[in-house]
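Fold and contact review
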Amino acid sequence: MMSNLDSQEVVSKEIADLHAGAEGETQPRLDFAPYRSSLLRHPTKDLRHADPEGAELVAPVFGHSDIDPVEADLTIQAGGEPIGERIVVRGRVLDGDGRPVRGQLVEIWQANAAGRYIHKGDQHPAPIDRHFTGVGRCLTGDDGSYAFTTIKPGPYPWRNHHNAWRPAHIHFSLFGTEFTQRMITQMYFPGDPLFALDPIYQAITDQKARDRLVATYDHDLSEHEWLLGYRWDIVLTGTHGTWMEADDA
Amino acid sequence: MPDLVATPGQTIGPFFHYALPFDRDRELVPPGRPDAVRLHGTVYDGAGKPIPDALLEIRQADATGQVPAVEGSLRRDGTVFTGWGRCAVDSVGRYSFTTVVPGPSSPGGAAFYAVTVFARGLLNRLFTRAYIPGDADALEADPLLAGLDPEARDGLVAVREEDGSLRFDVHLQGGRETVFLAFPRHA
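Here is a short report on the structure shown in this document. From a predicted model like this one, the values you see are computed outputs, not experimental measurements.

Turning our eyes to something else, we now look at the sheet that holds strand β9 (residues 183-188) of chain A. Residue and element names in this part refer to chain A. The sheet built from four strands is open, its strands ordered β4-β3-β8-β9 with antiparallel pairing. In this open sheet, the two edge strands, each paired with only one partner strand, are β4 (135-139) and β9. Mean inter-strand twist for the sheet, computed between neighbouring axes without regard to direction, equals 20 degrees. Bridge analysis of strand β3 (residues 105-110) against β4 gives five bridges, and the strand direction is antiparallel. Residue pairing for β4: Val-106 is matched across the bridge by Cys-138.

Here is the structure:
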């Protein structure tokens, strides 16, 4: 394909330059030029520190009237067996003090095994699986646990640069006990060869922080002649209810 | 207690439309209710162009300043006010919630909608506030607004339109860049 897009080499060099001298950052940079779509979509001023109050201190509440337990199984939603590698993703949602986030909403969405989303905007010429929508929801348990049965998503191409491919991932949307803990992220699979090349993943400049987005294969979660198990725990930011001044970082 | 490091955020990406929106997601109250107000606006990028793939959420108190903690947002029946809503912008960057005007969380305080912004190209969510216009004393005394220069401050106060609706535009970047917030204990 003819293209005026930059090469992977150019983008990888930009990533390396931005990583040099970066250390200990725990969240992605908002200003990360190798991810071209971020150029005009990141604030240029520092975030303003504010003491949360009122509605910011109370997360929305979800319950069993909001979702159906079958929404946690993405392999049974569309009237037939989806194609692909059946997996379970299981873990816990904790707050910054290590407390489980109980009874809270977790939402996921993902591509199918061929790397195709059911979305009008996804024109990647890979097959749609009519038995897979790639959307799931559940409520966490008393110990903060969640679990989704799904199909391992495939990597897919995008137009950030020439021959750009996203590592396989599942989008996660999370709530805590305060609205200040709201977050959306992506879970990745261990050993993906595309990690080093991906400007979205690499917008997190610290390897230890990047590792926190990678699930681990857990054979104890795998089921005989049925599916493979991955474990991924999620930590939200700290709450303010038990805020100790010494923690103000 | 252990102080754990938070999991990093990532962009919402371009493909959330078939997953996150739900029926009546933006109707915190039914549109026909006498006290219903429309909170609406446009999300712009640094070139001043509307962003067609952003998603906003609001969290708010009711008219008395109480923040509801009740289920029922995902299957709204029109009778329960949950104080939370979600709205994906349209192809020209516009969002619109139907809700009520929140009361202040403390007497004499400045009332606001807590707003969270997600977008393709935005690597982590952003928090801001859409303050309710009108109560000049309360706005004047608000600790966040008091620390801002006038232009930045004005950007956080919704505008009362002639039709009674509240307009709050979000500028991710540029001369009119919205003030975005970090909270203590956030890395």
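Here the focus is the pairing of strand β8 (residues 169-174) of chain A. Residue and element names in this part refer to chain A. Of all six residues in β8, six are buried; the element is thus mostly enclosed. By the alternation rule, side chains of β8 split into His-169, His-171 and Ser-173 and Ile-170, Phe-172 and Leu-174, which are all buried. Looking at chain direction, β3 and β8 are connected through five bridges and run antiparallel. In the strand pairing of β8, Val-106 is matched with Leu-174.

A few words on unusual backbone geometry. Positive phi is not limited to glycine here, since Asn163(A) has a value of about 60 degrees. Structurally, Asn163(A) is set in the loop between β6 (156-158) and β7 (164-166). The backbone phi angle of Arg24(B) is positive, close to 60 degrees, even though this residue is not glycine. Relative to the assigned elements, Arg24(B) resides in the segment before β1 (37-44). The exposure class of Arg24(B) is partly exposed, given its relative accessible area of 34%.

Turning to helix α1 (residues 8-19) of chain A, a few remarks are in order. Residue and element names in this part refer to chain A. In this model α1 runs 16 Å from its N-terminal to its C-terminal C-alpha over 12 residues, within 8% of the 16 Å that 1.5 Å per residue would give. Those residues of α1 lying buried are Gln-8, Val-11, Ile-15 and His-19. Buried residues along α1 cover an arc of 75 degrees about the axis, so they all sit on one side. Taken together, the buried residues of α1 touch α2 (207-211).

Here we come to the environment of Arg33(B). Residue and element names in this part refer to chain B. Position of Arg-33 relative to the elements: it lies in the segment before β1. Put simply, Arg-33 and Thr-98 are 65 residues apart on the chain and 9.5 Å apart in space, counted from C-alpha to C-alpha. In this structure the side chain of Arg-33 is engaged in a polar contact, spanning 2.8 Å, whose partner is the side chain of Asp-35.

Another point: the interface of chain A and chain B. Listed as interface residues are 89 residues of chain A and, on the opposing side, 73 residues of chain B. Carbon and sulfur atoms supply 58% of the area buried between chain A and chain B, which totals about 7100 Å² over both sides. Summed over the shared surface of chain A and chain B, the number is six salt bridges. Its salt-bridge partner being Arg86(B), residue Glu107(A) comes within 2.8 Å of it at the nearest N-O pair. At the boundary of chain A with chain B, the tally comes to 40 residue pairs in polar contact (both at pLDDT 80 or more).

This part is about the side chain of Gln104(A). All names here are of chain A. With respect to the helices, strands and loops of the structure, Gln-104 is situated in the loop between β2 (86-94) and β3. Judged by its relative accessible area of 5%, Gln-104 is buried. In terms of polar contacts, Gln-104 uses its side chain to reach the backbone carbonyl oxygen of Pro-60, at 3.2 Å. With sequence-adjacent residues up to four places away left out, Gln-104 is seen in contact with Ala-59, Pro-60, Phe-62, Cys-138, Leu-139, Thr-140, Phe-175 and Gly-176.

What counts and what doesn't
- Residues numbered from 1 in each chain as written.
- Chains lettered and ligands numbered in written order.
- Predicted model: local features only at pLDDT ≥ 70, side-chain atom pairs only at ≥ 80, totals over all residues.
- Heavy atoms only, no water.
- Pairing = 2+ DSSP bridges.
- Helix = DSSP H or I, 4+ residues; strand = E, 2+ residues; numbered from the N terminus.
- Axes fitted to C-alpha atoms, helices over the stretch in contact; angles between N-to-C directions.
- Buried < 20%, exposed > 50% of the residue type's maximum accessible area, 1.4 Å probe, protein only.
- Expected span 1.5 Å × (residues − 1).
- Arc of directions from axis to C-beta.
- Contact = heavy atoms within 4.5 Å.
- Polar contact = N/O pair within 3.5 Å; in protein donor to acceptor, adjacent residues only side chain to side chain.
- Buried area = accessible area lost by both parts, 1.4 Å probe.
- Salt bridge = Lys/Arg side-chain N within 4 Å of Asp/Glu carboxyl O.

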